[in-house]
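Fold and geometry: a report
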Amino acid sequence: MTDVRVPKLNNNDTQYVLVEWVAKDGQTVRAGEPLAVLETSKAAEEIVSEAGGVLGHHLPEGADCEPGQVIARLFVTEEERTPPAREHAREAPSAGPETPADPGEPVITAPARALMDELGIGPERVRGLGKKIIRRSDIEELSPAAGPALTAVPQAHRERAEPPVPEEHGEAERATDLPLSRAQQRAAAVVELSHRTIPAAYTVMKVDVGAALAAGRALTRSLRTLVGLPELLVAAVGSLHGRFPLFFASPVDARTVRLPAAAHVGVTFDVGKGLVIPVVRDASARSLEDVSRDLMTYRMSAMRGDLREHDLQGANIVVTLHNEPGVVLAVPIIFPGHACALSLAAPQQEVVPDGAGGFAVREVVYLGVAFDHRIVNGRDAVLFLDALRTALASPEALASPGSSAKDGGTA
C-alpha cells in the first residue's frame, strides 16, 4: 500500500482545494498517470501517481487539504482496497465539504459555507454560479466589494461590525466591516514585506514606441501570433541580462547578491480573477516568437483559470503591465527576493514639432523601473531604461535571434 500525499506546491498557501479526481475511486493506475487536480490561491496543479496500483480515494472532490496530508492510497489489489476504502468514506465528511443529497446541487466547501452564512448569501445565488464545486473564492466574488447585487448583509453581522450611528444621520451613513479575501490578504503581506525590507527608488523614461507598434503589427501577421509592446518589452528585457546582471540579482545578505545564469521574466496578468505572474523562462535565449507564444498561452490559461504552479515560479525580474487606456504612470512593487520591477503604461499620443515648421503626432509610453537602491544605482537604472528604449526603437533586432541587444556593449 502506498500513500498519496499532498505535495508542497508553493510557499504562500497552507491549504489547497481538491478540485477534481482525474482517476476514479477503484481505478487501476500506473506510475506517472494523473490522479487529481489541486487548486492553490493562484493556480491549478495536477498530481501524478508515484507508483502503480488500485486507487482508493480518501477525500471527496471539493475538500480542503494540506501539504503532507494523505488524500488517497494505492493498493496492490481491489480486494485489499475495498475495506479501507469504506473506512475512508466514513471519515471523509468530517474533513471535506458538505455533500448535497441532490446530485444536481453544487458541492460547497466548508470555508465557502461559513462565508455564505456570514454574508447572508443564499443557496439560490450559489446555484446561479453554475459551478460544480463552490469554494470560498467563489463566495468572495459575490461579496459587497464585487458589486451592488449582493444580498443584504444580515442584521446581526451589521450590528456586530458597526459602531452606533446617531439617529439623525440615517441609514445612508451606516457602514459594514468586510473581511479581506484570502487573496487580498496575501497581496497585502507581499506589499507590506516589500515596503518594510526594500529601500526602493523609482526612475521613469518616456519612450517613443511608434516603430515598435508598427513592427508588432507586421510581426503578428508574419508569425501568426500576437506581438505587441508587452512581447517586445519582455524580449528586450531578456536580451539585457548579460549587460545588466544586477537587475536580475537576488539579495543573499547585506553584503552579497546572487547573479542568476538566465533571465526569467515574470509578466503580470489580471483577467478579472486576481493578479497572476507567469514566467517566461530563459528569456535571453528565446526568440521573440517563442516569447510571444509563451505569453499567449499564459494569457489563455489565466482566462480559463488553469495556470499551474510551475508556470508561476522562478522569476528573477517582473514586468508589470498597465494597459488600460489613460494610465500614464504606475509605480510597481518590487517583489521580495528581486532587485527590481518594471512598469509599462498604456500608449499615449503626443504632438511634437516635426522639424519643418509643422507638427506631428507620435505614440509614447512611460516605462519605469523600481529598484533596490542597495543593489542598483540610479545611473544604472537610467542606462537600463535607455537600453530598453533603444531596443524598442529597433524592434527588428529583437525579432532576429542572435542579433539582439544582448550582443551590445557593457553598461
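Another aspect to go through is the overall build of the protein chain. Counting its regular elements, the protein chain contains 11 helices and 19 strands. A total of 411 residues make up the protein chain; the buried ones form 43% of that total. Considering only intrachain contacts with a sequence separation of at least 6, the fraction spanning at least 24 residues in the protein chain is 61%. For the protein chain, the accessible area works out to roughly 20800 Å², and carbon and sulfur atoms hold 53% of it.

We now examine a nonpolar patch on the surface. Residues Val204, Val328 and Leu329 make up a contiguous nonpolar surface patch of roughly 220 Å² in combined accessible area. Under the relative-accessibility criterion, Leu329 is labelled partly exposed at 47%.

This part is about the packing of aromatic side chains. A full pass over the atoms with the stated rule returns three aromatic pairs. A centroid spacing of 5.3 Å and a plane angle of 70 degrees characterise the contact between Phe244 and Phe384, whose relative ring orientation is edge-to-face. Within this pair, whereas Phe244 is found in the loop between α8 (229-239) and β12 (250-253), its partner Phe384 is found in helix α10 (residues 378-393), the two being separated by 140 residues in sequence. The buried category is assigned to Phe244, whose relative accessible area is 4%.

This part is about unusual backbone geometry. Despite not being glycine, Arg224 shows a phi value in the positive range, around 60 degrees. The residue Arg224 is located in the loop between α7 (210-223) and α8 in this model. The exposure class assigned to Arg224 is exposed, which follows from its relative accessible area of 73%. Positive phi, normally seen in glycine, also occurs at Asp282, with a value near 50 degrees. Along the chain, the position of Asp282 falls in the loop between β15 (279-280) and α9 (288-304).

On to the sheet that holds strand β2 (residues 16-21). What links the strands of a sheet is backbone hydrogen bonding, and the strands pair in either a parallel or an antiparallel sense. Strand order in the open sheet formed by four strands is β5-β4-β2-β7, with antiparallel pairing between adjacent strands. The open sheet is flanked by β5 (44-48) and β7 (64-65), the only strands paired with a single partner. Pairing between β2 and β7: two bridges, direction antiparallel. Directly across from Tyr16, in β7, lies its bridge partner Cys65.

Our next topic: the layout of surface pockets. Size it by volume and the second largest pocket reaches roughly 220 Å³. Lining the second largest pocket are 15 residues; nearest its centre among them are Val4, Arg5, Ile47, Val48 and Glu50. Secondary structure elements with two or more residues in the lining of the second largest pocket: β1 (2-5) and β5. Considered class by class, the residues forming the lining of the second largest pocket number eight nonpolar, two polar and five charged.

Running from N to C, α8 and α10 point in directions that differ by 125 degrees, and their axes come no closer than 10 Å. Relative to α10, α8 is oriented oblique. Considering the relative orientation of α8 and α10, their crossing is right-handed. Here Leu232, Leu233, Ala236 and Val237 of α8 lie close against α10, whose contacting residues are Leu388, Ala391 and Leu392. Of the residues that constitute the contact of α8 with α10, the class distribution is seven nonpolar, no polar and no charged.

An ideal rise of 1.5 Å per residue puts 20 Å on 14 residues; α7 measures up with 20 Å between its terminal C-alpha atoms. Turning to α7, its buried residues are Ala212, Leu213, Ala215, Gly216, Leu219 and Leu223. Down the axis of α7, the buried side of the element spans an arc of 165 degrees, and every buried residue falls inside it. Against α8, α9, β19 (359-372), α10 and α11 (395-398) lie the buried residues of α7. The positive-phi residue at the C-terminal boundary of α7 is Arg224, with phi of around 60 degrees.

To continue, consider the environment of Val70. Residue position: Val70 is located in strand β8 (residues 70-75). Among residues more than four places away in sequence, those in contact with Val70 are Asp3, Val4, Arg5 and His58.

Bringing the pattern of salt bridges into the picture now. Two side chains with opposite charge may pair up if their charged atoms get near one another. The tally for this structure, following the rule as stated, stands at 15 salt bridges. Among the salt bridges present, the one from Arg5 reaches Asp3, with a minimum N-O distance of 3.3 Å. Of the charged contacts in the structure, one is a salt bridge between Arg30 and Glu33, with a shortest N-O distance of 3.2 Å. The exposure class assigned to Glu33 is partly exposed, which follows from its relative accessible area of 23%. Shared partners join several salt bridges into a network, and the residues in it are Lys206, Asp208, Glu350 and Arg362.

Burial analysis of strand β17 (residues 340-344) places five of its five residues in the buried class, the great majority of the element. Residues Cys340, Leu342 and Leu344 point to one face of β17 and Ala341 and Ser343 to the other, with burial holding for every one of them. As paired strands, strand β16 (residues 317-321) and β17 are joined by four bridges and run parallel to one another. Bridging across to β17, Val319 finds its partner in Leu342. The pairing of β17 with β19 spans five bridges and is antiparallel. Bridge pairing in β19 places Leu344 opposite Leu367.

Criteria and cut-off values
- For every chain, the first residue of the written sequence is number 1, and numbering continues from 1 along that sequence.
- Selection of residues for local features in this predicted model requires a pLDDT of at least 70, selection of side-chain atom pairs for listing and counting requires 80 or more, and totals for whole chains, interfaces and linings are taken over all residues.
- Only hydrogens and water are removed before side-chain values are computed, so all heavy atoms of the structure are retained for them.
- Helix numbers and strand numbers start at the N terminus; a helix is a DSSP run of H or I with at least 4 residues, a strand a run of E with at least 2.
- Only protein chains enter the accessibility calculation, which uses a 1.4 Å probe; a residue is then buried when its area is under 20% of its type maximum, exposed when over 50%, and partly exposed in between.
- Pairs of residues are marked as contacts when any of their non-hydrogen atoms sit within 4.5 Å.
- Under the convention used here, a 1.4 Å probe and the Shrake-Rupley method define accessible areas, while residue burial counts only the protein chains that appear.
- Each patch groups residues whose relative accessible area exceeds 30% and which form no salt bridge, using 9 Å between like charges and 5 Å between nonpolar side chains of Val, Leu, Ile, Met, Phe, Trp and Tyr.
- Should a side-chain nitrogen of Lys or Arg be within 4 Å of a carboxyl oxygen of Asp or Glu, the pair is scored as a salt bridge.
- For Phe, Tyr and Trp, rings pair up if their centres lie within 6.5 Å, where Trp contributes its six-membered ring, and each pair is then called stacked (planes under 30 degrees apart), edge-to-face (over 60) or tilted (otherwise).
- In this description, strands pair whenever DSSP reports at least two bridges between them.
- A 1.4 Å probe that fits but cannot get out identifies a cavity on a 1 Å grid over protein atoms alone, an open set with protein on both sides within 12 Å along at least five of seven lines counts as a pocket, and a residue lines either if it has an atom within 4 Å of a point.
- Grid points are joined across faces, edges and corners, and a volume is the space filled by probe spheres set on the points.
- When residues are grouped by polarity, Ala, Val, Leu, Ile, Met, Phe, Trp, Tyr, Cys and Pro land in nonpolar, Asp, Glu, Lys and Arg in charged, and all others, Gly among them, in polar.
- To define axes, lines are fitted to C-alpha atoms, for helices over the stretch in contact only, and angles between the resulting N-to-C directions are given on a 0 to 180 degree scale.
- Angles are sorted into four bins: roughly parallel if under 35 degrees, roughly antiparallel if over 145, roughly perpendicular if 65 to 115, and oblique for all others.
- Crossing chirality is assigned from the near helix's rotation relative to the far helix, an anticlockwise turn below a right angle marking it left-handed and a clockwise turn marking it right-handed.
- To estimate the expected span of a helix, subtract one from its residue number and multiply by 1.5 Å.
- Think of it as the arc spanned by the lines of direction from the helix axis to the C-beta atoms.

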